[in-house]
Amino acid sequence: MVKELWQLKAEKCRQILKDSLNPAWLLSEKDLPPASQLDVSTFVETSQVLTPKELSITKLTASELVEQMAAGSLTAVETATAFLKRAHLGHQLLNFATEFLVDEALARAAELDAHFKATGKLVGPLHGVPISVKEHIGLKGRICHSAYIAWTDNIPSEDALLVRCLRGAGAIIHVRTNEPQSLMHADTNNVIYGPTCNPYNRKLTSGGSSGGEGASIGFRCAAIGIGTDIGGSVRIPAAFCGVFGLRTTALRNPYKGVLLAGEGQESIRCVISPLANSTADLNLVQRAILDQEPWDEETSLCPLPWKKIEPYTPAQITVGVMWDDGMVHPHPPITRGLKYAKAKLESAGVKVVDFEAYEHARGWDILTQLYFPDAAKTQKDLLHSAGEPVLPLTEWAFSVAKPEPITVTENWELNARREAYREDYHRIMKERGVDVILCPAAPGVAAELNVGKYWPYTAIWNILDQPAVSFPTGLKADPSIDLVESEYKPQEGHDEREYNRYTPELYVNAPIALQVVGKHFRDEEVVAATELISKIVQA
């Protein structure tokens, strides 16, 4: 059977991935867990792929890794090797990677070790930290296709600016990660690499669109991950995979060098931001990036360094708990997580009040018209030009757009409505006396593969341009207690669809995560609030 051109181009990318793997670090099929074993989050502990020391290295946060390298008790080569080996196993189990950078990573690690040996000093605040990056963040000399077959010949001539900042701070980029077709799914699947699954339940998604990063950090294939977020694409994968994910205010982090269809669309800006296993690591990487003043090159950025915020005490903040968004009622595990968090916070002395979602349907109406102002013609043309099959979730994502492009005048009007909504929401938060909002990051825990269709729990903060962090509560979905709410009568549409897809047994062991939302340009404050809230909730 003659293969179509799109298939040949997809094969080329898969071959690059295959060739980038170190065969010595791969398990044979017989040594891998059977497909019936859904939770593989701890499989590495018994796999014997890593030595005991390597295993201990991969359990450290980025902040702890840097401390040990500064003390001379750990080398960059040891660290890079441990995370590369763990990432190889993670890829075999979860299909999260698009390319490994084994030789480059180990060579950079050796350079860092030589520098430390000669000077006794670290290169920078991320010295030796292994970082995974989402595929559509450009790396010099490597194909960057953004999951579009049409772009599989695109090779950037330089690293994305944020990658240059990471390298300048001493980081090691060792693996690139998967993303969905169109980059507009709360799931990760495309015709090149296929689906990425969740380390806690492989029938479930790792989220999207930075789902490769969610799996990477959830399985500890990297110490820090870099994703992008235009509707929840960092926070949803972080929530689904049980890690921390930050959505910064727009124009805080350097975006230059990210390949995304629709470049120049500025009504809802995509941001680039980190996933990690601690709030300390979110602060570490943000400060490392912004201390290099990327606004001196990317002049549209706000010239705002990352502030140091002293840890909050329970008496310092008021938390508003948003039980639902007025459009879709959360599944029982999420409601249980919110109730648990509220009780823990109150017992710790935090002032907690109920916060009714403010006109989220109004925000969603603005958002859906601004996501694809050209009726997704840009994205559809890219798919059509290569003859690439369009996946169901891509069709669904495009369906939120108007059937015809909006006019320039309509775009202006929507921008004005957006600004009015932002001012109103900020005013409401002040009037109600809340510093941060605690709310779901999604209507449920991780969705089944190729099913997730509801993003407004995260996307609303994109239209409002408010910083937010998703964080793990430490709880897991439990079908014995997270029973169907049989007395609840859902509204027609989204609410009914989400209610009907909840079958408790499907979501066993999935992490229960929540989201902390702050005020516009109060990024550091929302990370500080998340640090306090997460420590209390997880205690």
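Residues numbered from 1 in each chain as written. Predicted model: local features only at pLDDT ≥ 70, side-chain atom pairs only at ≥ 80, totals over all residues. Heavy atoms only, no water.

As annotated in an unreviewed UniProt entry, the protein chain carries the name amidase and comes from Exophiala mesophila. As recorded by UniProt, the Catalytic activity (unreviewed entry) comment attached to the protein chain reads in full: "a monocarboxylic acid amide + H2O = a monocarboxylate + NH4(+)". Here is the UniProt Sequence similarities (unreviewed entry) comment for the protein chain, exactly as written: "Belongs to the amidase family." (UniProt positions renumbered as here; feature names shortened; annotations may be inferred.)

Enquirer: Whenever I open this one, the overall build of the protein chain confuses me. Can you help?
Expert: Each helix and strand counted, the protein chain has 18 helices and 13 strands in total. Relative to a compact globule of 539 residues, whose C-alpha radius of gyration would be 24 Å, the protein chain shows 22 Å and is just as compact. The principal-axis extent of the C-alpha atoms belonging to the protein chain is close to 60 × 60 × 50 Å. The 539 residues of the protein chain split such that 61% are buried. Taking as baseline every contact in the protein chain between residues at least 6 positions apart, the subset at least 24 positions apart corresponds to 79%. Carbon and sulfur atoms make up 53% of the accessible area of the protein chain, which totals about 20300 Å². Between the averaged position of the 53 positive side-chain charges in the protein chain and that of its 67 negative side-chain charges there is a distance of 3 Å. (Helix = DSSP H or I, 4+ residues; strand = E, 2+ residues; numbered from the N terminus. Rg over C-alpha atoms; globule rule 2.2 N^0.38 Å. Buried < 20%, exposed > 50% of the residue type's maximum accessible area, 1.4 Å probe, protein only. Contact = heavy atoms within 4.5 Å. Areas by Shrake-Rupley, 256 points an atom, 1.4 Å probe, with all protein chains shown as cover. Lys, Arg positive; Asp, Glu negative; His and termini not counted. Charge placed at Lys NZ, Arg CZ, Asp CG, Glu CD.)

Enquirer: Help me out: how do you make sense of unusual backbone geometry in this one?
Expert: For residues besides glycine, phi is generally negative; the peptide bonds are generally trans as well. In this structure, S209 follows G208 across a cis peptide bond, with omega equal to 5 degrees. With respect to the helices, strands and loops of the structure, S209 is situated in the loop between β5 (201-205) and α8 (211-218). For S146, which is not a glycine, the phi torsion comes out positive at approximately 60 degrees. Take S146: it is sitting in the loop between β2 (130-134) and α7 (161-168). Non-glycine residue F521 carries a positive phi angle of around 65 degrees. Its location among the elements puts F521 in the loop between β13 (511-517) and α18 (523-538).

Enquirer: What should I look at first to understand the packing of helix α11 (residues 332-347) against α18 in this one?
Expert: The relative placement of two packed helices is expressed as an angle between their axes plus a distance between the axes. Across the interface, α11 lies against α18 with an axial gap of 9 Å and an inter-helix angle of 100 degrees. Here α11 is positioned roughly perpendicular relative to α18, judged by the angle of their axes. Where α11 approaches α18, its residues Y340, A341, K344 and L345 are matched on the opposing element by I533, I536 and V537. Tallied by class, residues from the contact of α11 with α18 come to 6 nonpolar, no polar and 1 charged. (Axes fitted to C-alpha atoms, helices over the stretch in contact; angles between N-to-C directions. Parallel < 35°, antiparallel > 145°, perpendicular 65-115°, else oblique. Nonpolar A, V, L, I, M, F, W, Y, C, P; charged D, E, K, R; others polar.)

Enquirer: Help me out: how do you make sense of helix α1 (residues 5-20) in this one?
Expert: For an α-helix, the turn length of 3.6 residues means that residues three or four places apart are oriented alike. Along its 16 residues, α1 runs 23 Å from first to last C-alpha, staying within 8% of the 22 Å computed at 1.5 Å per residue. Every buried residue belonging to α1 is among W6, A10, C13, L17 and S20, and all of these are buried. Down the axis of α1, the sector holding all buried residues measures 85 degrees, keeping them to one side. Exposed side chains of α1 directed beyond 90 degrees from the buried face belong to L5, K18 and D19. Tucked inside the fold, the buried residues of α1 contact α5 (76-94), β1 (97-100), α6 (102-119) and α13 (377-386). (Expected span 1.5 Å × (residues − 1). Arc of directions from axis to C-beta.)

Enquirer: Looking at this structure, I do not really get the side chain of E298. What am I missing?
Expert: Positionally, E298 belongs in the loop between α10 (279-290) and β9 (318-321). Non-local contacts of E298, meaning those with residues more than four positions away in its chain, are made with L161, P254, Y255 and K256.

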